[in-house]
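Letter by letter, the chains look like this.
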Amino acid sequence: MIWRWLRRFFIVQHNYTNPVIRMKANGLLIVSWFLLLLWLAGITTAFYNLSQGQDVAALGLRFFVTLIATPLLIFGTQYFLQHGQFNFAAQAIVGLLFINALPLELIIDFRIILSAVLTLIAASLLLPRIAYILVGGVLGLTIIGIGLLPLEVAPTTQQLTTIILLIAAIAIFLYIFGAQPQRIAEQSHLDYSRLLELSRFARDIETIDKRNTLLNTTIHLITQRFHYSFAQVYLIDEQYTGGQLLRVRAGLGLDRGTVTGRVRLRDTSGILEALRTKSSVLLTREDNELRRDYFLAATYSALAIPLIHGEEVLGVLDVQTSENYPFSEHALALLETVVNLLAGKLYELEEQAEIRKAMQEQTQITNTLRQQLNELRKQSRGTVSSTWEDYLTRRGLEAIGFNFAPGQSFTPAEDLPEELRQALERGEIVIETLGNTQIVSVPIRLAGATVGAMAFELPPGRPLTQRQRDMLASIADRLAQALENKRLVEQTQEQALRERKANQAAAQLLSSTDVRAVLEIAADTFNEALGAVHTRIYLRPEDLAQARITAEEGGEE
């Protein structure tokens, strides 16, 4: 219980992802408690001296400043450390040391020099480069100004020069060997974190199936994960006409989405240069304005990397930042890896789009053929039905029905039972139970058209299995085909008989030399073929000639 309570105060609870920052945070927490103990010791000593008769004015201005500022800055440091605000905590500690390094009482002694050196050390290890230079400059100018004042306790010129040279040498030494390694360590951690984000990006894009989603994910990676100011992608698509490219860029202001549009760039633009040369192009504010005409107002440097898959150039990735030199060798390698992944995925999506388009076209063709096939089937069913209606009509019948029982011959049937009617109308097997009898009606289908039906009476207690159903349907199909074959044979025989009679009549007509005989033969042939009881043949060429003359005169008018 006690250890858990102590952990809240003596161990940093926030999980800093940067190992360098995590190490510094733990060190700052220890330093803050050490400074608090020093402050308590100083306060205790001061109050003890006051109790022994020391004058309050002898405590000096520094005592009252540190009496108030020290606990505020120390507890502020601990609060910021526990809540993940390392920069604020570092500034609080450096500010506390800076206050102690200022010659508030216009005296430069060993304590001031020691505090100044500690302030420089803390600033070089905890603050950015610009903040370190600012702290060192203000501290140095303050010491120089106090040293030049005509005070009784002021150091001599030689002592002041020595102090200034000592502090300057320490500041330069710390800048070279303190700030630089720290910045290199932070840059290494940044590269490592970007490499982890790149690994996640490579895994995430495997499930992306839309181009806009892929581009949005890439831009989000560069701006939100890699912490660059701005990113956009220029694509060469089917509407590419030289300088006109499809641009997808990050939204500005409150809208952090993406904006898509078509733009035309100058021939001197760095984007088109990357397209032509197929290599990365680095641009800064020092370059010609015509090359960086696409820069944002706050952009100081940009990198244009072409998207290449095989030998085909797909577009350009443009990364812009407000820093002067942000693109190190590691950063360039990471961005080129992103571009390679993006180009490969874009090419894959284009191939998939073409495949989907071809499949849609094939589907449309298939649907069209299916519709045509359905129409043909409908026409075929209509043709089959009309053919069989004609077949029965020529025989003077509307339908043909037969009954059959084992041991008996076929007997004609003229009625249409209800179960057969249902099978004809529904075109499927119908099973009904009448009393103790089970009646199974099976449609006879030919080319999708129902041309008849047959019914069976089964004894009770014998349900029809699926295998028996399939067998009945197969028998019905074969029966339909056999009936159709028989009809075709009869039709062929009738056609052959008609042809034979026509040929015989033609032979008799051609063999006769008398017109009257020819007419008699023709009349007898018609009577025999049609069953006519009276035939009349009328020939009058004059009427035909007169009709032709009338038609010609009407045409001339």
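Positions within a chain are numbered from 1, following the residues in the order the chain's sequence is written. In keeping with the predicted nature of the model, local features appear solely for residues at pLDDT of at least 70, side-chain atom pairs appear and are counted solely at 80 or more, and the whole-chain, interface and lining totals rest on all residues. Each side-chain value is derived from all of the structure's non-hydrogen atoms; neither hydrogens nor water enter the calculation.

**Quick word on the overall build of the chain**
Which entries qualify depends on this criterion: Each helix corresponds to a stretch of at least 4 residues labelled H or I by DSSP, and each strand to a stretch of at least 2 residues labelled E; elements are numbered beginning at the N terminus. Think of it in three bands: residues with accessible area under 20% of the maximum for their type are buried, residues over 50% are exposed, and the middle band is partly exposed, with areas taken using a 1.4 Å probe on protein chains only. Residues are treated as being in contact if the distance between any of their heavy atoms lies within 4.5 Å. For every accessible area listed, the method is Shrake-Rupley and the probe measures 1.4 Å; residues are considered covered only by the protein chains on display.
A count of helices and strands for the chain gives 14 helices and 11 strands. The buried share of the chain, taken over its 557 residues, is 32%. Contacts in the chain between residues at least 24 apart in sequence constitute 53% of all its contacts with a sequence separation of at least 6. Approximately 35,600 Å² of the chain is accessible, and the part contributed by carbon and sulfur atoms is 58%.

**Topic: the nonpolar core**
As a reminder of what qualifies: Think of a nonpolar core as a cluster: buried Ala, Val, Leu, Ile, Met, Phe, Trp, Tyr and Cys residues, connected wherever their side-chain atoms sit within 4.5 Å.
By size, the foremost hydrophobic cluster in this structure holds 39 residues, and its most contacted members are Tyr16, Leu28, Leu81, Phe86, Val94, Leu126 and Leu139. For this core, the secondary structure elements donating two or more residues are α2 (19-51), α3 (60-82), α4 (86-101), α5 (110-126), α6 (129-148) and α7 (157-204). Residues in contact with Tyr16, not counting those within four places in the same chain, are Ile21, Arg22, Ala25, Phe80, Leu81, Gly84, Gln85 and Phe86. By size, the runner-up hydrophobic cluster in this structure holds 32 residues, among which are Ala231, Leu303, Phe327 and Leu334.

**Points about the environment of Lys345**
The cut-off we apply is this: Here a polar contact means two N or O atoms within 3.5 Å. Within protein one must be a hydrogen donor candidate and the other an acceptor candidate, and residues neighboring in sequence count only if both atoms are side-chain atoms.
Tracing the chain through its elements places Lys345 in helix α10 (residues 329-394). Spatially, the C-alpha atom of Lys345 lies 9.5 Å from that of His309, the residues being 36 residues apart in sequence. Sequence-distant contacts of Lys345, that is, excluding residues within four places in its chain, are made with Ile205, Glu206, Ile208 and Leu214. A distance of 3.2 Å separates the side chain of Lys345 from the backbone oxygen of Ile205, its partner in a polar contact.

**Re the side chain of Ser115**
Within the secondary structure layout, Ser115 lies in helix α5. A relative accessible area of 13% means that Ser115 is categorised as buried. Other than its neighbours up to four places away in sequence, Ser115 contacts Leu97, Asn100 and Ala101.

**Side note on the pairing of strand β10 (residues 437-446)**
Put simply, the rule reads: Strand pairing is assigned whenever DSSP identifies at least 2 bridges connecting the two strands.
Judged by how many residues are buried, β10 sits mostly within the fold: 8 of 10 residues are covered. Two strands pair when backbone bridges link them, and strand β9 (residues 430-434) and β10 are joined in this way by 5 bridges, in the antiparallel orientation. Looking at the pairing, Val430 lines up with Ser441 of β10. Connecting β10 to the antiparallel partner strand β11 (residues 449-458) that follows it, the hairpin turn spans 2 residues, and Ala447 within it adopts a positive phi of roughly 55°.

**A short note on the environment of Glu323**
Following the sequence through the fold, Glu323 ends up in the loop between β6 (312-321) and α10. In this structure the C-alpha to C-alpha distance between Glu323 and Ala302, which are 21 residues apart in sequence, comes to 9.4 Å. Not counting residues within four places of it along the chain, the set of residues in contact with Glu323 comprises Tyr300 and Ser301.

**Considerations on the packing of aromatic side chains**
The following threshold applies: Any Phe, Tyr or Trp ring, taking Trp's six-membered ring, that has another such ring centre within 6.5 Å forms a pair; planes under 30 degrees apart are called stacked, those over 60 apart edge-to-face, and the others tilted. Only when the NZ of Lys or the CZ of Arg is both within 6 Å of the ring centre and within 35 degrees of the ring normal is a charge said to sit over the ring.
Following the criterion strictly, the structure yields 4 aromatic pairs and no others. Plain terms: the ring middles of Tyr79 and Phe80 are 5.9 Å apart, the flat faces sit at 65° to each other, and that makes the pair edge-to-face. Residue class for Phe80 comes out partly exposed when judged on its relative accessible area of 25%. On the numbers, 5.5 Å between centres and 15° between planes, the contact of Tyr228 with Phe327 is stacked. One end of the pair, Tyr228, is in the loop between α8 (211-225) and β1 (230-235); the other, Phe327, is in the loop between β6 and α10, and 99 residues separate them in sequence. Residues Tyr228 and Phe327 agree in their burial class; the two are buried. Through a chain of ring-to-ring contacts, the aromatic side chains of Tyr79, Phe80 and Phe88 assemble into a single cluster. Taking the ring centre of Tyr300 as reference, the NZ or CZ of Arg285 above it sits at 5.6 Å.

That is the geometry; function is a separate question.
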